[in-house]
Amino acid sequence: MSEKSRRKASGAKPRSGRPKPSRRPAAPLPRCQLRWIAHARSGDKGDTANVGLIALEPEYYDLLKREVTVARVARHFKGMVSGVERFELPNLNALNFLLHGALDGGGTISLKTDAQGKVYSTALLRMEIPVPPALARQVKPRPRK
Amino acid sequence: MAVKDARGGTSGRVVRVAGGQGFWGDWLEAPVRQVRGGPVDYLMMDYLAEVTMSIMQKQKSRDPKAGYARDFVPLMERILPDIVEKGIKVTSNAGGVNPRGCAEAVLEVARRLGLAGKLKVGLVTGDDLLDRLDGLIASGHPLSNMETGRPLADIRDQVLSANAYLGMGPIVTALEGGADVVITGRVTDTGLTLGPIFHEFGWPTEDWDKVAAGTVAGHIIECGAQCSGGNLLKDWRSVKGLGNPGFPIVEASPDGSFVVTKHPGTGGVVSVASVSEQLVYEMGDPHAYITPDGVADFTSIQLKQAGRDRVRVSGIRGGPRTPMLKVSVAYFYGYKAVGTLVYSWPDAYDKARAADRILRERLKDLGLDFEQILTEYVGASATHGALSGPPDPEAPEIQLRVGVRARERAPVERFTREIAPLVLTGPPSVTGFAGGRPAVEEVVAYWPALIDRNQVEPGVKVEILET
C-alpha cells in the first residue's frame, strides 16, 4: 500500500520521461522552475524538514510525480540534506518530501535562521524540471526585473 | 442548525468548532472575534509546541502558581461573558505543566466578572510524568529517543519536563460532566477538536473513520489562520484583508464529513489551496498520521470548494489507535547565542565574509571551545544556502549572522562580547548593532519517546470545578 518511492529514482537523464515521445531526440525540452507549476509548504519534525509540493493545476500532478523524483530532489539539496523520502498524495495533487538532516540538529539546538524548515518549501520551488513545450509557453514566467 | 447536503437533503445538526489560537503567541484578537463574529459552538485553543512545556516547567519551579500559558487568563477574562451568554464551550491545553493553577485563575476571573454559578471548568491532569520517570525506567520503560534510540537514562539528570500526549478521552469526559471550559496539560492539538465533535455526536471512540475525520479537522484548524489565508503561498498577492484575518471554523456533520469556513466579513480565504497547504504542513507518512486517538490516512482526504470560503472535506479513512502514547521530554542541553551585524554597499557581502574570518580568528585565539559555529549571510544565502546562487555584488546590505553553541556557558558568554568590537576593529561600513550584546540562551532540547498507554491512562483525572 505504501507508495514510498525511495527506489523510483528514474535516473539522472533530464529527458527521461516526456509524455509523447516524438522523434527528435536532439531537441531538449524547455526547463521550468517548479514555482510556476506548484505551490508548497514546509514544516519540521526533529532534524527532518518536510516539504509538501502541490500542483497548481490538477493536470500538472503527473508531471510532478514523474519529474520530481527522490534522486533529483536529493541532488537539488546536495550538501544540505542527508536523505530524501517521497510520498504521493494524488487526492491532493501533492507529493510530500521528507528531507532528513536538513535542520542542523533541528528544534532548539539548531543555530540556523530557518531552524524549523519553514522556507525549505520555496527552496524546492527553485528546482527546474523539463516540461512539454506547450506547458512551458502556458506558464511562461514574467521576465525577472 | 440544519444545512443542505450535496444531495439537497438535510444532513442534520452541525457542530461548529472554531480555532482561536494556533500557538502560544498567536494573534490575541482572534478568539474574541471568533466568539463575537458569528455562531460557533466550541472554541479550541492550542498553546503547546514541543518545547513549550519545559519553559513552563522552569516558570513553575520559580513560582508554584505559574507554569501555564499566562495570556490565556486575561483572554478568557475578555470572552467569558460572551461564551456564558451564548453557551459556547472552550477546549484548551493552555494548562501546560500546571493545569490546576490555570483552572483556578480562570475560576477567579469568572467570579470577579460576576459569573459565579454560571461556569464550570473541566480540569484534566495525569499527563505529567516528571515525578514518575525513575519508577518507569526502573520498571522496564526506557523511554528511548524515537530518533536516536538512546535510553532516557543517558540524560536523566538533565530532564526538565516529561509529558504524555493525551487524546480526546478526558475532554469528552469533561464535557459530559457539564464543563464549559476544559483546561488540560499536554493534550494533542487534534484532541481539542475531536473531543467536542465526539461528545456532540456521541460517536464511539473506536469508530476509526470518524476518529480520522475529526483528527483531520483538528489538524486543519490547529494552526489558526494558516489554513485560511495566512502564510498561503499560492497567489499570495490575491489574499485580501489579512488586517482582520478570519480564523477557521469547522462545521462537522454527523456523517463524518465537515466544512472548513470562517466568519463572514473577515479577511483571508478558505480554498482548496489554503486547506491543502495546511494539510501537508509538518506531514510525515501521509498514510499514517498517528495520534493517541487513532491513525488517519491523509491520502483518503477529498477536498471540494463548496461556496465562497467554504471547503468540504470528506472520504476520510482511518485505523485503530496504537498501544503506545508519545511522550514529550524536554532536557537541558547547553547554551547558545547569535550575533548579527549589517554591512552596506559597496561589497557588502565581501565585507561580511571578511568580518566572519576575523571573528573566527579571535574566537580561536581565545581558545574557546564550541560545539558549533554557524555563519549565515542574511540577504545572500541564509535560508536557501548554495541554491541562492552567487551573491549580488551590488546588494545594498548584507547581514552577518553568527551563531555558537556549547555545553558550557562561559565560551558562549565570551562570544557575546566579540561582536561589538568588530565595529571599530573590522571591515568598514558596518551598522545595525544598536541592540547591544547578544543574549546567552539556554538550549532546552526535545526528546520524543513512546510509552505503553496502560502506564498513563489509569492516572488521567478529570475534575469539574464550580465557580
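Residues numbered from 1 in each chain as written. Chains lettered and ligands numbered in written order. Predicted model: local features only at pLDDT ≥ 70, side-chain atom pairs only at ≥ 80, totals over all residues.

(A) Highlighting the pairing of strand S3 (residues 15–21) of chain B. Residues and elements named next belong to chain B. For S3, a buried count of 7 out of 7 residues is recorded, marking the element as mostly surrounded by other parts of the structure. Summarising the sheet, S3 and strand S9 (residues 249–252) pair through 4 bridges and their orientation is antiparallel. Paired with Ala18 across the strands is Ile249, a residue of S9. Looking at chain direction, S3 and strand S4 (residues 42–45) are connected through 4 bridges and run parallel. Looking at S4, one finds that Gly19 is bridged to Met44. (Buried ≥ 20, exposed ≤ 12 C-beta atoms within 10 Å, placed from the backbone. Helix = DSSP H or I, 4+ residues; strand = E, 2+ residues; numbered from the N terminus. Pairing = 2+ DSSP bridges.)

(B) Just the domain arrangement of chain B, in detail. For chain B, the assigned domains read domain 1 (2–127 + 165–322) and domain 2 (329–447). Taking only C-alpha atoms, the centre of domain 1 of chain B and the centre of domain 2 of chain B are 39 Å apart. (Domains from an automatic or database assignment.)

(C) Spatial organisation of the sheet that holds strand S5 (residues 94–100) of chain A. Residue and element names in this part refer to chain A. Spatial ordering of the open sheet is given by S2-S3-S5-S4, a layout of 4 strands whose pairing is antiparallel. Each edge of the open sheet is held by one strand with a lone partner, namely strand S2 (38–45) and strand S4 (83–89). Averaged over all pairs of adjacent strands, the angle between their axes in this sheet comes to 20 degrees, without regard to strand direction. Both S4 and S5 contribute to a ladder of 7 bridges, which runs antiparallel. Within the sheet, the bridge partner assigned to Gly83 lies in S5 and is His100. (Axes fitted to C-alpha atoms, helices over the stretch in contact; angles between N-to-C directions.)

(D) Quick peek at the confidence of the model for chain B. All names here are of chain B. For chain B, mean pLDDT is 95; residues scoring 70 or higher make up 98% of the total. Low confidence marks residues 1–10, where pLDDT is under 50. Its contacts with residues over four positions away, or in another chain, come to 10 contacts. Taken over the whole predicted complex, pTM reads 0.92, whereas the ipTM for its chain interfaces reads 0.94. (pLDDT = per-residue confidence, 0-100. Contact = placed C-beta atoms within 7 Å.)

(E) Structural view of the interface of chain A and chain B. On the side of chain B, 43 residues touch chain A, which itself brings 33 residues to the contact. Among the elements of the structure, S2, strand S3 (48–55), S4 and S5 of chain A are those that each provide at least two residues to the side of chain A that touches chain B. Take the side of chain A that touches chain B: its biggest share by element is 6 residues, from S2(A). Classifying every residue of the side of chain A that touches chain B by side-chain character gives 14 nonpolar, 12 polar and 7 charged. (Nonpolar A, V, L, I, M, F, W, Y, C, P; charged D, E, K, R; others polar.)

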